[in-house]
Amino acid sequence: MPRAFITGITGQDGLYLSEQLIDKGYEVYGLIRGQNNPKRALVESEVPGVKLITGDITDLSSLMRAFNTAQPDEVYNLGAISFVAYSWENAKLTTDVTGNGVLNVLEATRLYAGNDLSKVRFYQASSSEMFGKVQEVPQRESTLLWPRSPYGVAKVYGHYMTINYRESYGMHASSGILFNHESPRRGPEFVTRKVTQAVARISLGLQDKVSLGNLDAKRDWGFAGDYVDAMWRMLQADEADDYVVATGETHSIRELLDVAFKRVGIDDWEKFVFVDPQFFRPAEVDLLIGDPAKAKEKLGWEPKVGFPELVTMMVDSDVEKQRALAGK
Ligand code: NAP
Ligand code: F7E
């Protein structure tokens, strides 16, 4: 039975990945932080087979202890402070977790493997936010990085540290440069879920408006369930490498609003949407669109869920959740 160790198990991707690995016959261990993490119950109910180990990626000794217990063949480092807007307000913390945390997990992996680095493979959750002020359209693995937030800068550090461990020690360490991926499990602070939750509540008469920031930003949005499959494929490849994982399509926040509101029968969303300067960022990433050609060619990976299906899936799920909460 192959064994996997996942940091960030309580997050959107941790839940999808652990579910898929358990279906493939893996024994899955997840790192959970805090003395009484409120998301423990969520993981236990949604992915009952996962074994949780307490620890934090900023604490190397906790990672060493976790590796000892998990004895993993595959390590997926998904743990991070992942909300870009928050990273300006908490830049040092974001650097410690999203940046230096990667070094800790790489180092724990190396120390655990000892003289036999071939016994373990490592995945780093890199991000399209590293492209920031994009220097090429579409963005590919070779595109110059130009991060625009403390989060993006921290991810660049983790990305190059992963490459460095591959080159320095010959570790099977791969970095997935994942573009935005969403799902009904997406945190409500991110724009897709903020919109689908608001649309659901507005359609049920539970809320009368939603305040947003920049409606002109464009993102390449895919489905998280498809993207965690790409992570797994990277660790099955003979050689470790870096891969862009994206759909190759981009859409603005306005298009997101169009599709989401239409799903509940509202054509004139402008009546319900207000622009609030508090949601603008000190530096914006205006356009992201990825070229997933390498992942398709080398990993046989392709996205299955398109933009309208993704938004529809999220709106429907939020309508159901809000209806249940409101007892309607
Ligand atoms: P998410 O839902 O925000 O989950 C982040 C996870 O990191 C949570 O489980 C969180 O645990 C954990 N974490 C935070 N601080 C930690 C610490 N100090 N030690 C250990 N774990 C810690 O993020 P996601 O959307 O699943 O994304 C997974 C990874 O992919 C992240 O690294 C993210 O930056 C990256 N990424 C995401 C996207 C995307 O569009 N979703 C795109 C590119 C890259 P708590 O529940 O305890 O807070
Ligand atoms: O913003 C604009 C905002 O917060 C998307 C993370 O998973 O993907 C995610 O980062 C866009 C930005 O995601 C609101 O200005 C407008 O242009 O949903 P988001 P993100 O910043 O792209 C990358 C790939 C990651 O790696 C990250 O971890 O939407 N926007 N109005 C808004 N965004 C938010 N959150 N809230 C608004 O009201």
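Residues numbered from 1 in each chain as written. Chains lettered and ligands numbered in written order. Predicted model: local features only at pLDDT ≥ 70, side-chain atom pairs only at ≥ 80, totals over all residues. Heavy atoms only, no water.

**Some words on the domain arrangement of the protein**
Here the domain parsing of the protein yields domain 1 (3–181 + 221–245) and domain 2 (188–219 + 250–287 + 305–326). Computed from C-alpha coordinates alone, the two centres of domain 1 and domain 2 are separated by 28 Å. The interface is formed by 16 residues belonging to domain 1 together with 19 residues belonging to domain 2. The contact between domain 1 and domain 2 buries some 1600 Å² in all, and 67% of this surface belongs to carbon and sulfur atoms. Where domain 1 packs against domain 2, one counts 1 salt bridge. Here Glu129 and Arg219 are joined by a salt bridge, their closest N and O atoms 3.7 Å apart. At the surface where domain 1 touches domain 2, the tally comes to 2 residue pairs in polar contact (both at pLDDT 80 or more). Elements with a contribution of two residues or more to the side of domain 1 that touches domain 2: helix 4 (84–89) and strand 10 (222–223). Looking at the side of domain 1 that touches domain 2 element by element, the count peaks at 3 residues for helix 4. Considered class by class, the residues forming the side of domain 1 that touches domain 2 number 8 nonpolar, 5 polar and 3 charged. (Domains from an automatic or database assignment. Contact = heavy atoms within 4.5 Å. Buried area = accessible area lost by both parts, 1.4 Å probe. Salt bridge = Lys/Arg side-chain N within 4 Å of Asp/Glu carboxyl O. Polar contact = N/O pair within 3.5 Å; in protein donor to acceptor, adjacent residues only side chain to side chain. Helix = DSSP H or I, 4+ residues; strand = E, 2+ residues; numbered from the N terminus. Nonpolar A, V, L, I, M, F, W, Y, C, P; charged D, E, K, R; others polar.)

**Regarding the packing of helix 9 (residues 253–263) against helix 11 (residues 307–326)**
Where helix 9 meets helix 11, the closest approach of the two axes is 9 Å, and the angle between their N-to-C directions is 50°. In terms of orientation, helix 9 lies oblique with respect to helix 11. Considering how the two elements wind past one another, helix 9 and helix 11 form a crossing that is right-handed. Where helix 9 abuts helix 11, its residues Glu255, Leu256, Val259, Ala260 and Arg263 lie against Phe307, Pro308, Val311, Thr312, Val315 and Asp316. Class assignment for the residues of the contact of helix 9 with helix 11 results in 7 nonpolar, 1 polar and 3 charged. (Axes fitted to C-alpha atoms, helices over the stretch in contact; angles between N-to-C directions. Parallel < 35°, antiparallel > 145°, perpendicular 65-115°, else oblique. Left-handed = near helix turned anticlockwise from the far one by under 90°.)

**Quick word on helix 1 (residues 12–23)**
In this model helix 1 runs 17 Å from its N-terminal to its C-terminal C-alpha over 12 residues, within 8% of the 16 Å that 1.5 Å per residue would give. All buried positions along helix 1 are accounted for by Gln12, Asp13, Gly14, Leu15, Tyr16, Leu17, Ser18 and Leu21. Gly25 occupies a position one or two residues after helix 1 and carries a positive phi of about 95°. (Expected span 1.5 Å × (residues − 1). Buried < 20%, exposed > 50% of the residue type's maximum accessible area, 1.4 Å probe, protein only.)

**Structural notes on the sheet that holds strand 2 (residues 27–32)**
What the 7 strands build is an open sheet, ordered 3-2-1-4-5-6-11; its pairing is parallel. Two strands close off the open sheet at either side, each with one partner strand: strand 3 (51–54) and strand 11 (242–245). Across this sheet, the average inter-strand angle for adjacent strands is 20°, counted without regard to direction. Here strand 1 (residues 3–7) pairs with strand 2 via 5 bridges, running parallel. What sits directly across from Phe5, in strand 2, is Tyr29. Here helix 6 (residues 150–169) sits on the sheet and contacts strand 5 (121–127), strand 6 (172–178) and strand 11; the angle it forms with strand 5, its principal contact strand, is near 155°. (Pairing = 2+ DSSP bridges.)

**Examining the site of ligand 1**
Taken together, 26 residues sit near ligand 1, with Thr10, Arg33, Asp56, Ser82 and Tyr151 positioned nearest. One of the backbone nitrogen or oxygen atoms of Gln12 is found 3.1 Å away from an oxygen atom of ligand 1. Within the side chain of Arg186, one N or O atom sits 3.2 Å away from an oxygen atom of ligand 1. Protein chains bury 90% of the 890 Å² of accessible surface belonging to ligand 1 in isolation. Top element by residues in the shell around ligand 1 is strand 5. It accounts for 3 residues. Partitioning the shell around ligand 1 into residue classes produces 9 nonpolar, 11 polar and 6 charged. (Near = heavy atom within 4 Å. Areas by Shrake-Rupley, 256 points an atom, 1.4 Å probe, with all protein chains shown as cover.)

**Concerning the side chain of Ser175**
With respect to the helices and strands, the residue Ser175 is situated in strand 6. Here Ser175 falls in the buried class, since its relative accessible area comes to 0%. Leave out the neighbours within four places in its chain, and Ser175 touches Gln124, Ser126, His159, Thr162, Met234, Asp241, Asp242 and Tyr243.

**Let's talk about helix 9**
Think of an α-helix as 3.6 residues a turn; residues three or four steps apart then line up on the same face. Within the span of helix 9, buried status applies to Ile253, Leu256, Leu257, Ala260 and Phe261. Looking straight down helix 9, one finds that the buried residues subtend no more than 115° of arc, so they occupy a single side. In this structure, the buried side of helix 9 is in contact with helix 7 (191–203), strand 8 (210–212), strand 12 (251–252), strand 13 (273–275) and helix 11. Where helix 9 terminates, the next one or two residues include Gly265, which has phi positive at roughly 85°. (Arc of directions from axis to C-beta.)

**Quick word on the nonpolar core**
Grouped together as the largest cluster of nonpolar side chains are 57 residues, with contacts concentrated most on Tyr76, Tyr123, Leu257 and Phe261. Viewed by domain, this core spans two of them, domain 1 (3–181 + 221–245) and domain 2 (188–219 + 250–287 + 305–326), each represented by three or more residues. Look past the residues within four positions of Tyr76 in its chain and what remains in contact with it is Ala4, Phe5, Ile6, Thr7, Leu17, Leu21, Tyr123, Met231, Trp232, Leu235 and Gln236. Formed by 25 residues, the second largest nonpolar core is a distinct cluster that contains Leu63, Tyr112, Phe122 and Met161. (Core = buried A, V, L, I, M, F, W, Y, C linked by side-chain atoms within 4.5 Å.)

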